[in-house]
Amino acid sequence: MSFAHENPTIAAFGRQVEREFAADVGGHDWWHVWRVWRLARKIALAEGADTYIVELAALGHDVEDHKLGRPRGTLEAWLREAGVAAHARAQVMAICENVSFKGAGVSDEMPTLEGKVVQDADRLDALGAIGIARAFAYGGSQGRPLYDPAETPRLHSGFEEYRSSRSSSLLHFYEKLFLLAERMHTPTARRLARERHDYMKGFVDRFLAEWNGEA
């Protein structure tokens, strides 16, 4: 285990997450969690958020993600084992419950600054060069094609519709990734998102030009 932290509670929780996520190859691995934690801490310091809650929620944000299949109660059990107090566990679980994108037409507002910071950090890791790599890694792990020219993007109006979608990896850019920059909450994240969004848009333009033999 490589995760270390000056706070022993955060260190213990981070090492638990690292153990459980180390083997993932679909873009939701330990290094995704680590990057979100790093980004969240950076944003929290810039925006004046509670770094203890932010760091725990960033480390735990994918523990019960619907794509990964862990049962409800897993996050609370890991937090409890790490020594996180009840009031902090409640805050962290509330953030993690609502952090994920659930469809273009689904409201996913965060009521607290700490939640906004973690959601921003998670979404930043879905943008830019890393976001491109993760999109195709996840699509490949799910047996999805790179691209199907016959498909058209769908802006899903409900979570079940979004969750059951089997569209190609490239359509994921239109159905989620290109929407994220406008959904950032904090000034720090909005600034970082603009550059990552533009980079990703240039990649998709080039991908389609090469697909069609135009470049």
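Quick caveat: nothing in here was measured; it's all calculated off a predicted structure. (Residues numbered from 1 in each chain as written. Predicted model: local features only at pLDDT ≥ 70, side-chain atom pairs only at ≥ 80, totals over all residues. Heavy atoms only, no water.)

Chemist: Give a detailed account of the overall build of the protein, specifying residues and quantitative values.
Modeler: Regarding its fold elements, the protein presents 10 helices and 0 strands. When its helices and strands are written in sequence order, the protein yields α-α-α-α-α-α-α-α-α-α. A compact globule built from 215 residues would reach a C-alpha radius of gyration of about 17 Å, and the protein, at 17 Å, matches this within 12%. Across the 215 residues that make up the protein, the buried fraction comes to 50%. Intrachain contacts of the protein at a sequence separation of at least 6 include 65% that bridge at least 24 residues. As displayed, the protein has an accessible area near 10200 Å², and 51% of this comes from carbon and sulfur atoms. Looking at charge distribution, the protein has the averaged site of its 27 positive side-chain charges lying 2 Å from that of its 31 negative ones. (Helix = DSSP H or I, 4+ residues; strand = E, 2+ residues; numbered from the N terminus. Rg over C-alpha atoms; globule rule 2.2 N^0.38 Å. Buried < 20%, exposed > 50% of the residue type's maximum accessible area, 1.4 Å probe, protein only. Contact = heavy atoms within 4.5 Å. Areas by Shrake-Rupley, 256 points an atom, 1.4 Å probe, with all protein chains shown as cover. Lys, Arg positive; Asp, Glu negative; His and termini not counted. Charge placed at Lys NZ, Arg CZ, Asp CG, Glu CD.)

Chemist: Mind laying out the side chain of aspartate 120, listing which residues take part and the relevant values?
Modeler: Along the chain, the position of aspartate 120 falls in helix 6 (residues 113-124). Buried charge without a salt bridge: aspartate 120, with arginine 123 as the nearest opposite-charge side chain at an N-O distance of 6.2 Å. Among the polar contacts listed, one links the side chain of aspartate 120 to the backbone nitrogen of histidine 185, at a separation of 2.9 Å. Leaving out residues up to four positions away in the same chain, aspartate 120 has contacts with Ile43, Arg183, Met184, His185, Thr186 and Ala189. (Salt bridge = Lys/Arg side-chain N within 4 Å of Asp/Glu carboxyl O. Polar contact = N/O pair within 3.5 Å; in protein donor to acceptor, adjacent residues only side chain to side chain.)

Chemist: Please give an account of the packing of helix 2 (residues 30-47) against helix 3 (residues 51-60) that cites residues and values.
Modeler: In the contact formed by helix 2 and helix 3, the axes pass within 8 Å of each other and the chain directions differ by 160°. By the angle between their axes, helix 2 is roughly antiparallel relative to helix 3. As for the relative orientation of helix 2 and helix 3, their crossing is right-handed in sense. Contact residues: Trp30, Val33, Val36, Trp37, Ala40, Arg41, Ala44 and Leu45 in helix 2; Thr51, Val54, Glu55, Ala58 and Leu59 in helix 3. Residue composition of the contact of helix 2 with helix 3, grouped by class: 10 nonpolar, 1 polar and 2 charged. (Axes fitted to C-alpha atoms, helices over the stretch in contact; angles between N-to-C directions. Parallel < 35°, antiparallel > 145°, perpendicular 65-115°, else oblique. Left-handed = near helix turned anticlockwise from the far one by under 90°. Nonpolar A, V, L, I, M, F, W, Y, C, P; charged D, E, K, R; others polar.)

Chemist: Let's hear about a positive patch on the surface: which residues, and what values?
Modeler: Where like charges cluster on the molecular surface, the positive patch consists of Lys42, Arg190, Arg191 and Arg194. Sorting elements by how many residues they give to the positive patch places helix 10 (residues 187-211) first, with 3 residues. Locating arginine 191 in the fold gives a position in helix 10. (Patch = residues over 30% accessible without salt bridge, like charges linked within 9 Å, V, L, I, M, F, W, Y side chains within 5 Å.)

Chemist: Residue-level account of the side chain of threonine 186, with values.
Modeler: In this fold, threonine 186 is placed in the loop between helix 9 (169-175) and helix 10. A relative accessible area of 3% means that threonine 186 is categorised as buried. At a separation of 2.8 Å, a polar atom in the side chain of threonine 186 contacts the side chain of aspartate 120. Discounting residues that sit within four places of it in the chain, threonine 186 has contacts with Ile43, Glu47, Leu113, Val117 and Asp120.

Chemist: Residue-level account of the packing of aromatic side chains, with values.
Modeler: Taken as a whole and assessed by the stated rule, the structure comprises 14 aromatic pairs. Ring geometry for tryptophan 31 against tryptophan 34: centres 5.4 Å apart, planes inclined by 75°, an arrangement best described as edge-to-face. With tryptophan 31 and tryptophan 34 both in helix 2 and 3 residues apart, this pair spans about one turn of that helix. Looking at tryptophan 31, the relative accessible area reads 43%, which means it is partly exposed. The partly exposed category is assigned to tryptophan 34, whose relative accessible area is 28%. Plain terms: the ring middles of tyrosine 174 and phenylalanine 178 are 5.3 Å apart, the flat faces sit at 90° to each other, and that makes the pair edge-to-face. Through a chain of ring-to-ring contacts, the aromatic side chains of Phe136, Tyr147, Phe173, Tyr174, Phe178, Phe203, Phe207 and Trp211 assemble into a single cluster. (Phe/Tyr/Trp six-rings, centres within 6.5 Å; stacked < 30°, edge-to-face > 60°.)

Chemist: Go over the packing of helix 3 against helix 5 (residues 86-98), please, and point to the residues and values.
Modeler: In contact at an axis separation of 9 Å, helix 3 and helix 5 are set at 50° when each is read in the N-to-C sense. Considering their axes alone, helix 3 and helix 5 lie oblique with respect to each other. Between helix 3 and helix 5 lies a crossing whose hand is right-handed. In this structure, helix 3 contributes Tyr52, Ile53, Leu56, Ala57 and Gly60 to the contact, and helix 5 contributes Ala88, Gln91, Val92, Ile95 and Cys96. Tallied by class, residues from the contact of helix 3 with helix 5 come to 8 nonpolar, 2 polar and no charged.

Shape is all these values report; function is a separate question.
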